[in-house]
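Coordinate analysis (summary)
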Amino acid sequence: MTDDVAIFARIREHLFTSVIGDVMDMQGLRRQFLPPSIRALSPEMMLVGRAMPVREEDCGGEADFGLMFKALDDLKAGEVYVCSGASATYALWGELMSTRARALGAAGAVVDGFHRDTRGIREVGLPVFSAGSYAQDQRGRGRVTGYRCEIAFANGTKVAPGDVVVGDIDGVLVIPQRHLEEVVRLALAKVEGEEEVRRLIEKGEGTQAIFDRTGIM
């Protein structure tokens, strides 16, 4: 495993989802973004961390939450609670879950569905990405059936334990852990190239000529 502290710091300081996504496209990793409905609770939020995937499913009125509490309590420092599998009829994340995740040092949460307790989550300060806010409780409607297992999103994107999740104002993507170092290296180089392209545009050069010379636009 890479030195997460150092490489995650480089991602936060220098990269963003669009450039990382471009690099993965060029490597043939063309299905790494989560659905576009999943957005940051607040525009300034940025998320970088190792995925702790959680599988949720609808249930037939049972009052328990399944393995949700075990999954939440198993979060490690720097990990992201990533949940999919439920219908969009109730909230999958809330203030108290955010409070527990923050206490454990988690990096944030990403849910393929709704969050609730928006004001409380903002006060906690944990980065949360979801399809929006909706106060309907999951008790009796959904439960966690597994965690630290591979999960899939509706658009076909898969998330495995240890993959790296990056989220910002433009969306959320997943970097397969075996590709992390190369993706970050190439993305940093692309950012440098884009800075040079920006300077050329500001000098008045045409975009076609710049693209022909640099391959960047």
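Conventions we followed
Residues numbered from 1 in each chain as written. Predicted model: local features only at pLDDT ≥ 70, side-chain atom pairs only at ≥ 80, totals over all residues. Heavy atoms only, no water. Helix = DSSP H or I, 4+ residues; strand = E, 2+ residues; numbered from the N terminus. Contact = heavy atoms within 4.5 Å. Core = buried A, V, L, I, M, F, W, Y, C linked by side-chain atoms within 4.5 Å. Buried < 20%, exposed > 50% of the residue type's maximum accessible area, 1.4 Å probe, protein only. Salt bridge = Lys/Arg side-chain N within 4 Å of Asp/Glu carboxyl O. Arc of directions from axis to C-beta. Pairing = 2+ DSSP bridges.

Turning our attention to the overall build of the protein. Along the protein, the regular secondary structure elements total seven helices and twelve strands. Seen through its C-alpha atoms, the protein measures out along the principal axes to roughly 65 × 35 × 30 Å. The long-range share in the protein, meaning contacts at least 24 apart out of those at least 6 apart in sequence, stands at 74%.

One recurring pattern in soluble globular proteins is that nonpolar side chains are buried together. Of all hydrophobic cores here, the largest spans 41 residues; its most connected members are Y81, V82, W93 and V110. The set of elements that each furnish at least two residues to this core consists of strand 2 (47-58), helix 3 (68-73), strand 3 (79-84), strand 4 (91-93), helix 4 (95-103), strand 5 (108-111), strand 7 (128-130) and strand 12 (171-175). Setting aside anything within four residues of it in sequence, one finds W93 in contact with L72, Y81, S98, A101, A109, V111, F114, H115, R116, I121, L126 and V128. Formed by 19 residues, the second largest nonpolar core is a distinct cluster that contains V19, V48, L180 and V184.

Attention shifts here to the pattern of salt bridges. What the rule picks out here adds up to eight salt bridges. One salt bridge in this structure joins D117 and R116, with 4.0 Å as the shortest N-O distance. Residue class for D117 comes out partly exposed when judged on its relative accessible area of 35%. Two residues, R116 and D137, come together in a salt bridge whose shortest N-O distance is 3.8 Å.

Those residues of helix 4 that fall on the buried side of the exposure criterion are M97, S98 and A101. Relative to the axis of helix 4, the buried residues are bounded by an arc of 100° and lie together on one face. The exposed set on the far side of helix 4, more than 90 degrees from its buried face, consists of L96 and A103. Tucked into the core, helix 4 has its buried residues touching helix 3, strand 3, strand 4, helix 5 (118-124) and strand 7. Two residues or fewer after helix 4 comes G105, characterised by a positive phi angle close to 85°.

Here we come to the pairing of strand 3. Judged by how many residues are buried, strand 3 sits mostly within the fold: six of six residues are covered. Sheet analysis places strand 2 next to strand 3, joined by six bridges and oriented parallel. Within strand 3, the position partnered with R55 by the bridge is S84. Both strand 3 and strand 5 contribute to a ladder of four bridges, which runs parallel. Paired with Y81 across the bridge in strand 5 is A109.

What follows concerns unusual backbone geometry. At D117, a residue that is not glycine, the phi angle is positive and equals roughly 60°. Residue placement: D117 occurs in the loop between strand 6 (114-115) and helix 5. One non-glycine residue, R148, adopts positive backbone phi at about 55°. Mapped onto the fold, R148 is located in the loop between strand 8 (142-147) and strand 9 (151-152). Judged by relative accessible area, R148 falls into the partly exposed class, the value being 30%.

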